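Examining the three-dimensional arrangement
Residues per chain are reported as follows:
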Amino acid sequence: MKLIFERGYKGRGSEHLPDCDVPVCQLPESMIRAEQPALPEVSEIELVRHYTELEKQTYGVNDGFYPLGSCTMKYNPRINEEMASLPGFTNIHPLQSQDTVQGCMEVLYKAEEALNEITGMDRFTMQPSAGAHGEFTGLLLIRAWHLHHGNTQRTKVIVPDSAHGTNPATVTMAGYETVNVPSTKDSLVDLDALREAVGEDTAGLMLTNPNTLGLFDPNIGEITKIIHDAGGLCYYDGANLNAVMGQARPGDMGFDCVHLNVHKTFSAPHGGGGPGSGPVGCKAFLAPFLPGPVVEKENGAYTFKTPKFSFGRVRGFHGNFLVLVKTLTYILSLGREGIPEASANAVLNANYLMNRIAKDYDIASGSHCMHEFVITLERLQKETGVSALDVAKRLIDYGIHPPTMYFPLNVKEALMVEPVETEPLETLDEVAAIFEQVMEEARENPDLLHGAPHNAPIGRPDEVNAARNPVLRYTP
Amino acid sequence: MGCYVPNTKAQQQKMLETIGFTSFDDLYKVIPESMRVKSLKLEPGKSELEVRRIMEELAAKNNPFKSIFRGAGSYDHYIPSVVKSVTSKESFLTAYTPYQAEISQGVLQSIFEYQTMICELTGMDVSNASVYDGPVAAAEAVLMCETRKRSRVVLSGALHPHVIEVVKTYCDARSVEVTVVPPKGGKTDMEGVKDALKDDVACLCFQQPGYYGIIEDAEALCALAHETGAKSVMYVNPISMALLKTPAECGADIAVGEGQPLGIPMSFGGPYLGFMATTQRMMRQLPGRIVGETTDSRGGRAFVLTLQAREQHIRREKASSNICTNQALCAMTASVYLAAMGPSGLEACATQCHSKAVYAKDQLVLIKGISLCYDEPFFHEFVTTCPVDPDILNRRLAKEGILGGLPINEGLLWCVTEKQSKEEIDRMVAVAREVCES
């Protein structure tokens, strides 16, 4: 497909601005760039057709089943988008005086109230812009608290081996050292290994519960107690909250702080990779260290306050505000019954699909799961040479987005499937039939899968060449 | 009301039975009873109409201004209609990060095109696919420069205060020391920077145009940094790049900035767009997603996420950044904006910003008690004194639907873009005159 730079014609373009109605001023020649940037020169119809073509080569939740594990690709309600486009939100300058932005501040306040209730926390910062940014903020919160209490010897953060890659990367960014603890053969936290790992140098623990295998760790109360007894704090990675929202709260499991991926759990769309939003909540004792400002309510008016021992900002202004408008819209729509109903159906759909395909596929995560489950294709790979990658690519031919591949790392030839609550039964049945069909093909005609996909816009790309000979921009 | 779950109660019951359960509670038996939520203290779910009423009421509690003369990191530019129309396309909106290249060529190509446009604007060799916002881009950039021997960064005090704060947060965590050189005459203090640049300094970071609107001698600043072996990080306004010497021409090692002016609404501060571009030499230190061109199994052109050996999901604790989700749709917004404007449209926009800011300044300083604080070439922001309490002036302007300059120590930091007509500027100046001279 043509690039936008390969369309159009020199000198072509659309006029969007009137003529300058004040005397035109030029900057001194010495300050001016040598050449105009070589931006596209296209008419509006060329521009629109270009992106319409790009859209046709893009697969979103609105195109079909999207069981991308750990990413919670649920339906993104249209009302959310419309509310986030209200001019009363979009046309607001972030540095307006507080009396002129009471509506925005109320959105932040109300969203925070609801998130506190859902997570069992006491305060939130809305600044973090994505999950990984939330993790970073959460660890800085833990760090600020330790430093405030003179705990300079606490330099290590414990991370189970099933964790998302962002967890250990975050630990390093926050100036800590990662201590990996292995999982038991049931893929849960190994309590003995954990007891051995904690000590005077433990700053905290980062944990996803349910974990990346889709398993809720029933020992969670003991796990957080071991950390607390050792003087550490517990961080809840909220990536998998969709399994338990309205059913169980991180705050009641013993966690001290948490980040949420509202672009997963609370239905804001991913936009092809963002913008997301990763608010961080904490128990009251950590609140004085949060990034500022936060919204307080005083005498019926909303006001910005910077917490007493705030460790500083993690981004400009107030976070990805419009994403939080979508969050609040969603929470208002679901309410107290809808939230647990959503999570229960997410768990039901996952268990149903797992059950339907378990006769053909080896499940790495036991007989019952939460919102997602992990398939291991190790046996298939040994017997036929067909890998998880091959199966994933063949699923594309049947019009569904592949599951997350090769994750978690402690499962060989892994495919991680998260069907979410917004998929109807009929889709799950169709998908189960497709999985069955693909397994049959894998056994009868492995080459068919090695060469897949066959009817996608492109065949498999040469990733090795891309990395060895990087072409990272268009050059005429 | 409802939670977008399509399955009927009867279907749900049938599904439960299929998997050997009788009730939903069975699904959660693994969770200790003491941890189960009985009932959330939230209001009952609401219909779409009720939710709409609530949200519209909240939006109505804000006061959007008709004429905006405030910038300071968020800018009111005209956004062509085509921008929103293209970026609202549902497949773009509802796709995840393009892990599966075969069915994500649209998103991947759009990022590749975005990277190219950022390289064109800044003159740099390589761009990433975006980070959260401008201040975070600056923080990631200064950390790209850190080495074992060079673990201090020097910041110009003429950077946006949020940039300074965020850079400090990121650096504190890694025990990278931050030295802020206070501004002098509304711009970077060249002598102060010279003194601060010792051989333990990893980089100098400054803003172009500076927080107070003044155009810096960027070439000289980059040269100062390089003389001591430090890198230079330029935080640039992307609209001004249509006119000003590019970071590459100035000798910068990394160019970053806030992409919001490129077609993204002000939206009370977000979502915005942090852009980052660097030289070929520093390409492998660049954090975040990068899209590359390659070929597919049929020999055709294809795009993929590449150089992933840098990233968290491969390197885990050895990764230099943890970024995963970025601001992809905002990056696409910027691309559509730049393609809609074209090189001449963008230049016209920048020239109008500058011309109108100069006109507004010329008119404002005719008012008794208002004078320009720093008489230096500026792009579209400038600082004046204010003979009355700035809040009084701004409140009066607000009554006319005008958002006045941002109150700062010196007085007011004004911004004028192409969007404000001569008539609007004249009206703003008339109200200011009335307040200041009465």
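Residue positions within a chain follow its written sequence, with the count starting from 1. Think of it this way: whatever chain is written first is A, whatever ligand is written first is 1, and the rest follow in order. Predicted model: local features are reported for residues with pLDDT of at least 70 only, side-chain atom pairs are reported and counted for 80 or more only, and whole-chain, interface and lining totals are derived from all residues. Only hydrogens and water are set aside when side-chain values are computed; all heavy atoms of the structure are taken into account.

1. Observations regarding the overall build of chain B
Quick reminder of the rule: Counting from the N terminus, the helices are DSSP H or I runs at least four residues long and the strands are E runs at least two residues long. We call a residue buried when its accessible area falls under 20% of the maximum for its residue type, exposed when it is over 50%, and partly exposed in between, using a 1.4 Å probe and counting protein chains only. When checking whether two residues touch, look at their non-hydrogen atoms; a contact exists if any pair is within 4.5 Å. For every accessible area listed, the method is Shrake-Rupley and the probe measures 1.4 Å; residues are considered covered only by the protein chains on display. The charge count includes Lys and Arg as positive and Asp and Glu as negative, but it does not include His or the ends of the chains. By convention, the point assigned to a charge is CZ for Arg, NZ for Lys, CD for Glu and CG for Asp.
A count of helices and strands for chain B gives 15 helices and 14 strands. When its C-alpha atoms are laid out on the principal axes, chain B stretches across 80 × 55 × 50 Å. Relative to its full complement of 438 residues, chain B shows a buried share of 66%. Here the analysis covers contacts within chain B between residues at least 6 apart in sequence; of these, 70% occur between residues at least 24 apart. Accessible area of chain B: about 14,500 Å², with a carbon and sulfur share of 51%. Charged side chains in chain B number 45 positive and 52 negative. The centres of these two groups are separated by 4 Å.

2. Concerning the domain arrangement of chain B
For clarity, the cut-off: As annotated, the domain borders come from an automatic or database domain assignment.
Segmenting chain B into domains produces domain 1 (9–60), domain 2 (67–78 + 343–437) and domain 3 (81–335). Here domain 1 of chain B and domain 2 of chain B have C-alpha centroids that lie 51 Å from each other.

3. Remarks on empty space enclosed by the protein
Residues and elements named next belong to chain B. Inclusion rule: The distinction between a cavity and a pocket rests on a 1 Å grid over the protein atoms alone: a 1.4 Å probe fits inside a cavity but cannot get out, while a pocket stays open yet meets protein on both sides within 12 Å along at least five of seven lines, and a residue with an atom within 4 Å of a point counts as lining. Grid points are joined across faces, edges and corners, and a volume is the space filled by probe spheres set on the points. Any residue that is not Ala, Val, Leu, Ile, Met, Phe, Trp, Tyr, Cys, Pro, Asp, Glu, Lys or Arg is counted as polar, Gly included; the first ten are nonpolar and the last four charged.
Counted by the stated rule, this structure contains eight cavities of 30 Å³ or more. Size it by volume and the largest cavity reaches roughly 220 Å³. Considering the residues around the largest cavity, the lining is formed by 23 residues, among which G73, Y75, Q207, Y235 and E258 are closest to the centre. Looking at the lining of the largest cavity, the elements that each hand over two or more residues are α8 (161–173) and β6 (231–236). Along the lines of polarity and charge, the residues of the lining of the largest cavity split into eleven nonpolar, nine polar and three charged.

4. Observations regarding the packing of helix α5 (residues 131–148) of chain A against helix α6 (residues 166–173) of chain A
Helix packing for two helices is described by the angle between their axes and how far apart those axes are. All names here are of chain A. The criterion, for reference: To define axes, lines are fitted to C-alpha atoms, for helices over the stretch in contact only, and angles between the resulting N-to-C directions are given on a 0 to 180 degree scale. Orientation labels follow simple angle bins: below 35 degrees gives roughly parallel, above 145 gives roughly antiparallel, 65 to 115 gives roughly perpendicular, and whatever is left gives oblique. For any pair of crossing helices, the crossing counts as left-handed if the nearer helix is rotated counterclockwise from the farther one by less than a right angle, and right-handed if it is rotated clockwise.
Where α5 contacts α6, the axes come no closer than 9 Å and their chain directions differ by 45 degrees. The angle between α5 and α6 falls in the class oblique. Considering the relative orientation of α5 and α6, their crossing is right-handed. Between α5, through A132, E135, F136 and L139, and α6, the contact on the second element is made entirely by T166, N167, T170, V171 and M173.

5. Describing the packing of aromatic side chains
Heads up, the condition is: Only the six-membered ring of Trp is used, alongside the rings of Phe and Tyr, when aromatic pairs are assigned; centres must lie within 6.5 Å, and planes under 30 degrees apart are stacked while those over 60 apart are edge-to-face, with the rest tilted.
Under the criterion given, the structure shown has 21 aromatic pairs over all chains. Note on Y51 of chain A and F92 of chain B: the rings are 6.5 Å apart at their centroids and 85 degrees apart in plane angle, and the pair reads as edge-to-face. Of this pair, Y51 of chain A sits in helix α1 (residues 44–56) while F92 of chain B sits in helix α5 (residues 90–94), each in a different chain. The pair formed by Y51 of chain A and F92 of chain B is uniform in burial state, with each residue classed as buried. Between the aromatic rings of F266 of chain A and Y330 of chain A, the centroid separation amounts to 6.4 Å while the plane-to-plane angle is 75 degrees, which identifies the pairing as edge-to-face. Here F266 of chain A, found in the loop between β6 (257–260) and β7 (280–282), pairs with Y330 of chain A, found in helix α10 (residues 321–357); they are 64 residues apart in sequence, far enough to count as distant. A relative accessible area of 2% places Y330 of chain A in the buried class. Three or more aromatic residues joined by ring pairs make a cluster, and in this case those are Y75, F266 and Y330 of chain A together with Y4 of chain B.

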